[in-house]
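# Close look at the chain arrangement
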Amino acid sequence: MISQNNKKSILEKSNDNESYVLTDVSYLNDAVFMGRRDSIAAPYIFPSIGYYDKTGFFADASVSYLTASNENRVDLFLISSGFIFNSSKISGGISGTAYFFNENSYNVRSEIIGDITGILSYDLKFMEIALSASTYFNKESSVDIFTGLKLDRTFYTLGNKLLLDPVFPFMPDHNISIRNITVVVV
């Protein structure tokens, strides 16, 4: 969300090369990782806050609060940092994330301690195509490497106050979905 006194949207700020802070609260009804689902549903409320510098540097932190009826607790804390760039047609970035799971977590990702991810996108005007590669570091096993391809298109409605972002991923961990629905208060 954007402050009510600020008349620029996040899209306008990122295009104007301004630094900004972005907050978000999401809900996940279950954790899925590379096509693997938890044996017990793990619904989360997932608040995040991030700083995005005009140079491309970013840092953010997130907390996953497990909302299962008998397990209300913080299950995961994430810290990410990296660099992103945008041009008229090509965008991309690289990031590193550290995962701090609750010792009682049964999340399908709970053995992960960190990852490094890179993405490169090309804007075709009617959609964006992106290639990604991720390396996941685990507690007591070998490194996992995944690559992917996705197509997505963001639709702006209600005077840029509602953003819909349907994503068509070709990766082992995703189904076709509307990934982001964002309401911007201006």
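Reading the values: rules and limits
Residues numbered from 1 in each chain as written. Predicted model: local features only at pLDDT ≥ 70, side-chain atom pairs only at ≥ 80, totals over all residues. Heavy atoms only, no water. Salt bridge = Lys/Arg side-chain N within 4 Å of Asp/Glu carboxyl O. Buried < 20%, exposed > 50% of the residue type's maximum accessible area, 1.4 Å probe, protein only. Core = buried A, V, L, I, M, F, W, Y, C linked by side-chain atoms within 4.5 Å. Helix = DSSP H or I, 4+ residues; strand = E, 2+ residues; numbered from the N terminus. Pairing = 2+ DSSP bridges. Phe/Tyr/Trp six-rings, centres within 6.5 Å; stacked < 30°, edge-to-face > 60°. Polar contact = N/O pair within 3.5 Å; in protein donor to acceptor, adjacent residues only side chain to side chain. Contact = heavy atoms within 4.5 Å. pLDDT = per-residue confidence, 0-100.

## Here we look at the pattern of salt bridges
- Under the counting rule described, the total for this entry stands at two salt bridges.
- For D75, the salt bridge is made with R73, and the minimal N-O distance between the two is 3.1 Å. R73 shares its class with D75; the two are buried.
- For the salt bridge of K150 with D152, the shortest nitrogen-to-oxygen distance reads 3.9 Å.
- K150 sits in the buried class, given a relative accessible area of 13%.

## Considering the nonpolar core
- Ranked by size, the top nonpolar core spans eight residues in total: F46, L76, L78, Y99, F101, I112, Y136 and F146.
- Among the elements of the structure, β6 (73-86) and β7 (90-101) are those that each provide at least two residues to this core.

## A few points about the pairing of strand β5 (residues 57-66)
- Side chains F58, D60, S62, S64 and L66 project from β5 onto a buried face, and the interleaved F57, A59, A61, V63 and Y65 project onto a face without burial.
- Note that strand β4 (residues 44-52) and β5 share seven bridges and pair antiparallel. Looking at β5, one finds that Y51 is bridged to A59.
- Counting the residues between successive antiparallel strands, the hairpin from β4 to β5 contains four residues, one of them, G56, with a positive phi of roughly 110 degrees.
- Inspection of the sheet shows β5 paired to β6 by ten bridges, in the antiparallel sense. Paired with Y65 across the strands is V74, a residue of β6.

## Quick word on the packing of aromatic side chains
- Under the criterion given, the structure shown has five aromatic pairs.
- Ring centres of Y52 and F58 lie 5.7 Å apart, and the angle between their planes is 10 degrees; on these two criteria the pair is classed as stacked.
- The class of Y52 is buried, set by a relative accessible area of 17%.
- An aromatic cluster of at least three residues, connected via ring pairs, comprises Y20, Y52 and F58.

## A short note on the side chain of S80
- When you line up the elements, S80 lands in strand β6.
- Given the relative accessible area of 12%, S80 is considered buried.
- Within the structure, the side chain of S80 is placed 2.8 Å from the side chain of T97, a separation counted as a polar contact.
- When residues no more than four places from it in sequence are discounted, the contact partners of S80 are F58, A59, D60, G96 and T97.

## Here we look at the confidence of the model for the protein chain
- Taken as a whole, the protein chain shows an average pLDDT of 77; of its residues, 74% reach a score of 70 or greater.
- Per-element averaging of pLDDT across the protein chain places strand β13 (residues 177-183) at the bottom with 42 and β7 at the top with 94.
- Here residues 1-7 scores under 50 on pLDDT; set against residues more than four positions off or in separate chains, the count is 15 contacts.
- Scored below 50 in pLDDT, residues 173-186 makes 42 contacts in the model with residues more than four places away or belonging to other chains.

## Let's talk about the environment of L22
- Of note, L22 is situated in strand β1 (residues 20-28).
- Relative accessible area serves as the criterion here: at 28%, L22 is assigned to the partly exposed category.
- Considering only alpha carbons, one finds L22 and G50, 28 residues apart in sequence, at a separation of 5.3 Å.

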